[in-house]
Amino acid sequence: MSIREHRSAHRRKPGWAAPSDPGVRDRTLPDRGWNVLPAGSRAFRFPAPSGALAAFAVGDPGHPRVVLLPGATGSKEDFVLLGPLLADTGFLVESYDLAGQYQSAAAGPVDGSPYEYGLFVADLIAFLAAGSTPVHVLGYSFAGIVAELAFADRPELFGSLVLLGVPPQSGQAFRRVRWIGALSYVLRPRQIASLIVWGIVSNLNRVPPGRLALVRLRFAYTNRRSVDEIVGLLMHVPDLSALLRHSAIPVLVAVGHHDLWSTDVHRAFANSIGARFRVYPTGHSPCETTPHQLARDMLALYRSAEPG
């Protein structure tokens, strides 16, 4: 599908109006079994360069594509609420576990090589190129950096870019993190990873029981080395601000008010690249806790990608 055909497809799809009272809907979200994929979704394995990646799709295969990428300690299940909201408005929504994560734990580098940016970027490019393009891409936290790097290599594959809770500064990303900043200069990546994992499984964020069950379950499968080495990558974040500033696609920086990095730092990053900026009344996971508000702003971004 060409860019022109892709954008025309958007105009043909009904349901552009955002859900009514998205804030109210988000505040009244019930707990659920987070390891259950959305109703009507299709689970599949994608043959990526790093190995077979567990994935799901929801929505009509003939509709324009949205790809949602989970963060370092996450999985595709982080989007079980957001995905159907976008699919219901006329999109094919797809997500996959990154190499080393949860049901993609066996995927990764060979011969003991480390997990590197290039491995994750190659997987994403292959996934995007395997279907209709351009694609609306959301990168969550670490995966936002992966998406930025993939955009640098293959900009024609992208229709828009959402950076959700993405490290807002290049270099050592943990230096401005609220609770670990000072320690990040003296701790090794594995030690930082251990603190992150401990905080998640100990439920310091006070997530509901259904959510906690998933995060504890998937740590039993996730390749721990992948988490350690992703933390190492986050201590060397490339500076792609100039590329994003001159991007021909619309970009949205979306964050929770209580994110790992302060709102002011995120806002400065968004301003520096000329991106839209949205803040939600939540923490690091708006896709889980404020999906209706996030979907509303993503749909507005998609509309802005259309000519005229």
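As the structure is a prediction and not an experimental result, all values here were calculated from the model.

Draft legend 1. Summary view of the overall build of the chain. Along the chain, the regular secondary structure elements total 12 helices and eight strands. A compact globule built from 308 residues would reach a C-alpha radius of gyration of about 19 Å, and the chain, at 18 Å, matches this within 12%. Here the chain holds 308 residues, and the buried ones make up 57% of them. Long-range contacts, defined here as pairs at least 24 residues apart, represent 74% of the contacts in the chain between residues at least 6 apart. A total accessible area of about 12,700 Å² is found for the chain, and carbon and sulfur atoms account for 55% of it. The chain carries 30 positive and 24 negative side-chain charges, and their two centres are separated by 4 Å.

Draft legend 2. Fine view of the packing of helix H6 (residues 189-201) against helix H7 (residues 209-219). Packing of H6 against H7 leaves a shortest axis separation of 9 Å and a crossing angle of 140°. The orientation of H6 with respect to H7, classified from their angle, is oblique. For the pair H6 and H7, the contacting residues are Val197, Ile200 and Val201 in the first and Leu212, Val215, Arg216 and Phe219 in the second. Looking at the contact of H6 with H7 residue by residue, the class counts come to six nonpolar, no polar and one charged.

Draft legend 3. Focus on the nonpolar core. Grouped together as the largest cluster of nonpolar side chains are 62 residues, with contacts concentrated most on Phe120, Leu124, Phe142, Phe158, Leu161, Leu163 and Val253. Not counting residues up to four positions away in its chain, the partners in contact with Phe158 are Leu128, Pro134, Val135, Val137, Ala147, Ala150, Phe151 and Ile249. Core analysis: the next-biggest nonpolar cluster, separate from the first, contains 25 residues, Leu86, Ala87, Met298 and Tyr302 among them.

Here is what the cut-offs are and how they apply
- Residues numbered from 1 in each chain as written.
- Predicted model: local features only at pLDDT ≥ 70, side-chain atom pairs only at ≥ 80, totals over all residues.
- Heavy atoms only, no water.
- Helix = DSSP H or I, 4+ residues; strand = E, 2+ residues; numbered from the N terminus.
- Rg over C-alpha atoms; globule rule 2.2 N^0.38 Å.
- Buried < 20%, exposed > 50% of the residue type's maximum accessible area, 1.4 Å probe, protein only.
- Contact = heavy atoms within 4.5 Å.
- Areas by Shrake-Rupley, 256 points an atom, 1.4 Å probe, with all protein chains shown as cover.
- Lys, Arg positive; Asp, Glu negative; His and termini not counted.
- Charge placed at Lys NZ, Arg CZ, Asp CG, Glu CD.
- Axes fitted to C-alpha atoms, helices over the stretch in contact; angles between N-to-C directions.
- Parallel < 35°, antiparallel > 145°, perpendicular 65-115°, else oblique.
- Nonpolar A, V, L, I, M, F, W, Y, C, P; charged D, E, K, R; others polar.
- Core = buried A, V, L, I, M, F, W, Y, C linked by side-chain atoms within 4.5 Å.

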